[in-house]
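Listed below are the residues making up each chain.
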Amino acid sequence: LDDSSAMAQAQLGYAYRRAGRNHDAEAALRRAVSLDPHDADAQLALGFLYFDTGRMYQAHEALEAGWQVDRSKMIAAEQLIYVNQRLHDNAKARWYAEQVLDWSASSNAQPTAAVQTRDFGLQRLHEDLGRRVTVNFDGYTGTSLGTGTSASQAGNWYSSYSQLEADVRLG
């Protein structure tokens, strides 16, 4: 193989990755990226490799570089949502979710069921990442509701409960 060919090194990296040889795949993909920093596919492959091996900082750098080279690669922006979540940077994760949702909304193609499901999930994720405090109150009163009495009367069914929940996001 030609060590000076970015395309050959990228193909070698893809082959190593498919074979489960992540260390060799990383070395080949890093060579490919160093030879051609504008190869978005090699950058993204390297980013996914880092993500799969739990190296989030490196995954962020590689995925971001690939996405900057080719902004049409929405798979990179989508993956950057989850990378930034793992890095505890909710603001960036929300921003990438907005990019994917905006791109999806501006697409002229009829959305498939899978795309609609993805977009729904990303909208909920976007909302959740923006929350710091969530308060829920729920209550129920039984058959004596509206009688104006201060206590249940003999022979009448009565039940009640109330619940208050507060969730605070620490990260």
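Right above here is the structure, for reference.
Below is a short write-up of the structure. Owing to the predicted nature of the structure, the values given are computational and were not obtained by experimental measurement.

This brings us to the overall build of the protein chain. Helix and strand counts for the protein chain come out as seven helices and two strands. Along the chain direction, N to C, the helices and strands of the protein chain fall in the order α-α-α-α-α-α-α-β-β. Taken over 171 residues, the protein chain has a buried fraction of 33%. Look at the contacts in the protein chain between residues 6 or more apart in sequence, and 49% of them connect residues 24 or more apart. Split by element, the accessible area of the protein chain, about 10800 Å² in all, is 52% carbon and sulfur.

On inspection of all chains with the given rule, the structure shows seven salt bridges. Here Asp24 and Arg21 are joined by a salt bridge, their closest N and O atoms 2.7 Å apart. For Arg21, a relative accessible area of 43% translates into the label partly exposed.

As a further point, take the packing of aromatic side chains. Overall, the coordinates contain three aromatic pairs when judged by the stated rule. Measuring from centroid to centroid gives 5.9 Å for Trp67 and Trp95, while their planes differ by 80 degrees, and the two rings are edge-to-face. Of this pair, Trp67 sits in helix α4 (residues 56-69) while Trp95 sits in helix α6 (residues 90-106); the two residues are 28 residues apart in sequence, bridging distant segments of the chain. Trp67 sits in the buried class, given a relative accessible area of 1%. Between Trp67 and Tyr96, the aromatic rings sit 5.6 Å apart at their centres with planes inclined by 70 degrees, giving edge-to-face as the arrangement. Within this pair, whereas Trp67 is found in helix α4, its partner Tyr96 is found in helix α6, the two being separated by 29 residues in sequence.

About the thresholds
- Residues numbered from 1 in each chain as written.
- Predicted model: local features only at pLDDT ≥ 70, side-chain atom pairs only at ≥ 80, totals over all residues.
- Heavy atoms only, no water.
- Helix = DSSP H or I, 4+ residues; strand = E, 2+ residues; numbered from the N terminus.
- Buried < 20%, exposed > 50% of the residue type's maximum accessible area, 1.4 Å probe, protein only.
- Contact = heavy atoms within 4.5 Å.
- Areas by Shrake-Rupley, 256 points an atom, 1.4 Å probe, with all protein chains shown as cover.
- Salt bridge = Lys/Arg side-chain N within 4 Å of Asp/Glu carboxyl O.
- Phe/Tyr/Trp six-rings, centres within 6.5 Å; stacked < 30°, edge-to-face > 60°.

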